Amino acid sequence: MTFRLSTRSLGRLEGVHPDMAETVKRAIELTKIDFGVTCGLRTVDEQKRLVASGRSQTMNSKHIPQEDGMSHAVDLVAYVDG
């Protein structure tokens with residue numbers, strides 16, 4: 001079975017470095033376990049809130065724009081048994 005990224009997951013790849021986004025798109029074609037993108041690019045304010053709430057450990061996250069203005073990280077979730 002071949003899986004596809006949902007419109008929501010594709011939208012969450014906006015602002016992610018193109019090489020990383022293409023890697024995620026290729027991975028969904030090869031995987032035996034379906035997955036989705038939960039997070040790509042984050043603003044500094046979003047990252048600050050995540051750190052303050054304990055949901056992230058660092059302000060040095062690759063999710064916030066790097067020197068090239070893009071995120072160099074994505075968070076994925078596996079869909080196992082629905």
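Because the structure is predicted, anything quoted here is derived from the model rather than measured.

Reading the values: the criteria
- Along each chain, numbering runs from 1 in the same order as the chain's sequence is written.
- The model is predicted, so local features are restricted to residues of pLDDT at least 70 and side-chain atom pairs to those at 80 or more, both for listing and for counting; the totals for chains, interfaces and linings are taken over all residues.
- Derived side-chain values reflect all non-hydrogen atoms in the structure, with water molecules and hydrogen atoms excluded from consideration.
- Buried Ala, Val, Leu, Ile, Met, Phe, Trp, Tyr and Cys residues form a nonpolar core when they are joined through side-chain atoms within 4.5 Å.
- Partly exposed residues are those whose accessible area sits between 20% and 50% of the maximum for their type, while under 20% is buried and over 50% is exposed, using a 1.4 Å probe and protein chains only.
- Think of it this way: any DSSP run of H or I at least four residues long counts as a helix, any run of E at least two long counts as a strand, and we number them from the N terminus.
- A contact between two residues is defined here by any heavy atoms of the two lying within 4.5 Å.
- Pairs of N or O atoms are called polar contacts if they sit within 3.5 Å, as long as, within protein, a hydrogen donor faces a hydrogen acceptor (for residues adjacent in sequence, only side-chain-to-side-chain pairs).
- For this document, the term salt bridge refers to a Lys or Arg side-chain nitrogen within 4 Å of an Asp or Glu carboxyl oxygen.

Trainee: Describe the nonpolar core, naming the residues involved and giving the relevant values.
Mentor: One finds F3, L5, L13, V16, A21, V24, I28, F35, V37 and V74 forming the largest nonpolar core, which totals 10 residues. Among the elements of the structure, α2 (18-30) and β1 (34-39) are those that each provide at least two residues to this core. Looking at which element gives the most residues to this core, the answer is α2, with three residues. For F3, the contacting residues outside a window of four places in its chain are I28, T31, K32, I33 and D34.

Trainee: An account of the side chain of R42 is requested, with residue identities and associated values reported.
Mentor: If you trace the backbone, R42 turns up in the loop between β1 and α3 (44-53). R42 sits in the buried class, given a relative accessible area of 11%. Reaching out from R42, the side chain makes a polar contact with the side chain of Q47 at a distance of 2.7 Å.

Trainee: Explain the pattern of salt bridges to me, and be specific about the residues and the numbers.
Mentor: If you walk through the whole model with that rule in mind, you get three salt bridges. For E22, the salt bridge is made with K25, and the minimal N-O distance between the two is 3.6 Å. Highlighted residues: E22 and K25, both in helix α2, separated by three residues, approximately one helical turn. Note that E29 and R26 form a salt bridge whose closest N and O atoms lie 2.8 Å from each other. You can see E29 and its partner R26 sitting in helix α2, three residues apart, about one turn around the helix.

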